[in-house]
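Remarks on the overall topology
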Amino acid sequence: MATTSKQYKAIGEDIWKGRTEKTNAELFALTYGALVVQLIQDYEDYDEVNKQLEKMGYNIGTRLIEDFLARSNLGRCADFRETGEVVAKVGFKSFLNISPTVTHGAPTSVATSPTAATSQSASAGATFILTLDENPLAEFVELPEEAIEGGLWFSNVLCGVIRGALEMIQMQVQATFISDVLRGDESTDIRVTLVKYLEEEVPVGDD
Amino acid sequence: MATSASTSVAGNLAALADPPARSVDGPAVDYFLIEMVNTLRASSAVAVTRTKKIEQEMTEAGLLFPPQQGPPAVPSKRDSMASTSSKTAGADGKTVVDDEEEALRLRLESIGMHVGANIAERLCHDRGLFADTLDAIKFICKELWVACWDKQVDNLRTNHRGVYVLQDNAFKPIQRISSWQGRADALRRSKMYAAMPAGIIKGALSRLGFQAVVVPEITTLPQCTFQVKLPKGS
């Protein structure tokens, strides 16, 4: 029987409580905010800033996943739906102490290639949406009109972290913001779409 | 009954006015700070290149004297770029690298100043101004250090003429730095990670009303000292 949502919540709580090293969230929020401002000044292009934040998040995510696996002792997820539950209830909880809600979506487009329809390729395109009720990064933040019109996703680093972490466990995903309260939207949502499962590959150069 | 109700209301209001500090995971923030240095290194390179290109275009158009001959005619919008034009021509490659390192250091310091100022404000919001520089430095050594790096400063020295030296024998941001190229390389790389903490100290002091110059120094990992120069006469 698959682990229920409630059990994941409990696991997340336990890991958070078991964390010995915690830092003040304000310190984090202030530093991140100052970083975004500096990047905007340096690149002068909001799209580029979004990309750089995502890239930074990717690098962080590739390291966080190891920490996460070591502490959570969770096994492989049965399907992408379960991945979404674990990311929201255990992942976000143990690192940021927040519990986003998860909404699962059906695959948006069915693969029409003639390859054999294994259970894995059938779920490519599966999505889940994380709705963040609170965002520790955006504690003291108000975006100016210019940034909103320019298309800045302030917390884009989170998308990168999700992408980086999941790539290290053989899932290639696309994570993007679809709405953000900082831009005046109703809620803060990240959509995560599975592109494909990655095969374990022998590194280039080894024969 | 009435008194207990009012104290519980007062208690709720107090909690609302001064909410308990939220926390996030320590290691996650550490990874973030490490990656932040890399991200800023890339962005400062982009910014330096762009500024140099503009300077070159203006020089070619005759609007600007080449850097060797004097200060630039155009004031740069961002203060952090002012240092690039003061470098005299050395071996070209070296100058560019120095400029980029300096640009990165300035960015990290300015982020630190923003963080330090706000943290100091939060920590001091219910106390009066500091009587003199020594009290402010003691606040830095104890409360600020604990808020940022979970411990207090190990050693404080002063020459009683406005120069203080704060020593931390196991400075958190550089505690776990190592390099596969050896200790000397690790030492060289660690200097950049002390730039933001120096900024935090500088920003905190400036919010408390003291203009200071803060210089970090690392001779052996993980020990770090900060030399704080305050103007004479608080």
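Description of the structure in this document. (Residues numbered from 1 in each chain as written. Chains lettered and ligands numbered in written order. Predicted model: local features only at pLDDT ≥ 70, side-chain atom pairs only at ≥ 80, totals over all residues. Heavy atoms only, no water.)

All names here are of chain A. Strand order in this open sheet of 4 strands is S2-S3-S5-S4, and the pairing throughout is antiparallel. Because the sheet does not close on itself, it has two edges, and the strands there are strand S2 (101-105) and strand S4 (171-179). Put simply, the sheet's adjacent strands are angled 25 degrees from each other on average, direction ignored. Relative to S4, helix H7 (residues 157-168) is tilted by about 165 degrees, and along the sheet it contacts strand S3 (127-132), S4 and strand S5 (188-197). (Pairing = 2+ DSSP bridges. Helix = DSSP H or I, 4+ residues; strand = E, 2+ residues; numbered from the N terminus. Axes fitted to C-alpha atoms, helices over the stretch in contact; angles between N-to-C directions. Contact = heavy atoms within 4.5 Å.)

This part takes up unusual backbone geometry. For residues other than glycine, phi is negative in most cases, and the peptide bonds are mostly trans. Of the consecutive residues Leu221(B) and Pro222(B), the connecting peptide bond is found in the cis state with omega at -10 degrees. With respect to the helices and strands, the residue Pro222(B) is situated in the loop between strand S4 (213-217) and strand S5 (224-229). Phi is positive for Gln170(A), close to 70 degrees, though the residue is something other than glycine. Tracing the chain through its elements places Gln170(A) in the loop between H7 and S4.

Attention shifts here to the pattern of salt bridges. Residues and elements named next belong to chain B. Taken as a whole and assessed by the stated rule, the structure comprises 26 salt bridges over all chains. When the shortest N-O distance is used, the salt bridge between Arg207 and Glu121 registers 2.1 Å. Of this pair, Arg207 sits in helix H6 (residues 195-207) while Glu121 sits in helix H3 (residues 92-123), placing them 86 residues apart in sequence. Judged by its relative accessible area of 40%, Arg207 is partly exposed. Among the residues examined, Glu121 registers a relative accessible area of 41% and is labelled partly exposed. (Salt bridge = Lys/Arg side-chain N within 4 Å of Asp/Glu carboxyl O. Buried < 20%, exposed > 50% of the residue type's maximum accessible area, 1.4 Å probe, protein only.)

Bringing the nonpolar core into the picture now. Leu130(A), Ile190(A), Val192(A), Leu166(B), Leu205(B) and Val228(B) are the most contacted members of the largest nonpolar core, which totals 104 residues. Beyond its immediate stretch of four places on either side in the chain, Val228(B) contacts Ile137(B), Gly162(B), Val163(B), Tyr164(B), Leu166(B), Ile201(B), Leu205(B), Ala212(B), Val213(B) and Val214(B). (Core = buried A, V, L, I, M, F, W, Y, C linked by side-chain atoms within 4.5 Å.)

Time to look at the interface of chain A and chain B. Listed as interface residues are 35 residues of chain A and, on the opposing side, 37 residues of chain B. Carbon and sulfur atoms make up 60% of the area that chain A and chain B hide from each other, which totals about 3500 Å². Counting the surface chain A buries against chain B, the share from its top three residues, Glu21(A), Thr23(A) and Asp42(A), is 17%. In this assembly, chain A and chain B are joined by 6 salt bridges. Taking the shortest distance from any N to any O, the salt bridge between Asp42(A) and Arg107(B) comes out at 2.5 Å. Taken together, the connections running from chain A to chain B amount to 14 residue pairs in polar contact (both at pLDDT 80 or more). For the side of chain A that touches chain B, the secondary structure elements donating two or more residues are strand S1 (22-24), helix H2 (25-43), helix H3 (46-72) and helix H4 (80-96) of chain A. (Buried area = accessible area lost by both parts, 1.4 Å probe. Polar contact = N/O pair within 3.5 Å; in protein donor to acceptor, adjacent residues only side chain to side chain.)

A word on the pairing of strand S3 (residues 163-168) of chain B. Residues and elements named next belong to chain B. Taking burial as the measure, the 6 residues of S3 include 6 buried ones, the bulk of the element. A two-sided burial pattern is seen for S3, the buried positions comprising Val163, Val165 and Gln167 on one face and Tyr164, Leu166 and Asp168 on the other. In this sheet, S3 lies alongside strand S2 (residues 155-158) in antiparallel orientation, the contact comprising 4 bridges. When the sheet's bridge partners are listed, Thr158 is paired in S3 with Tyr164. Where S2 folds back onto S3 in an antiparallel hairpin, the turn is made up of 4 residues, including His160, whose phi is positive at roughly 60 degrees. In terms of strand pairing, S3 meets S5 through 6 bridges, oriented antiparallel. Bridge pairing in S5 places Gln167 opposite Thr225.

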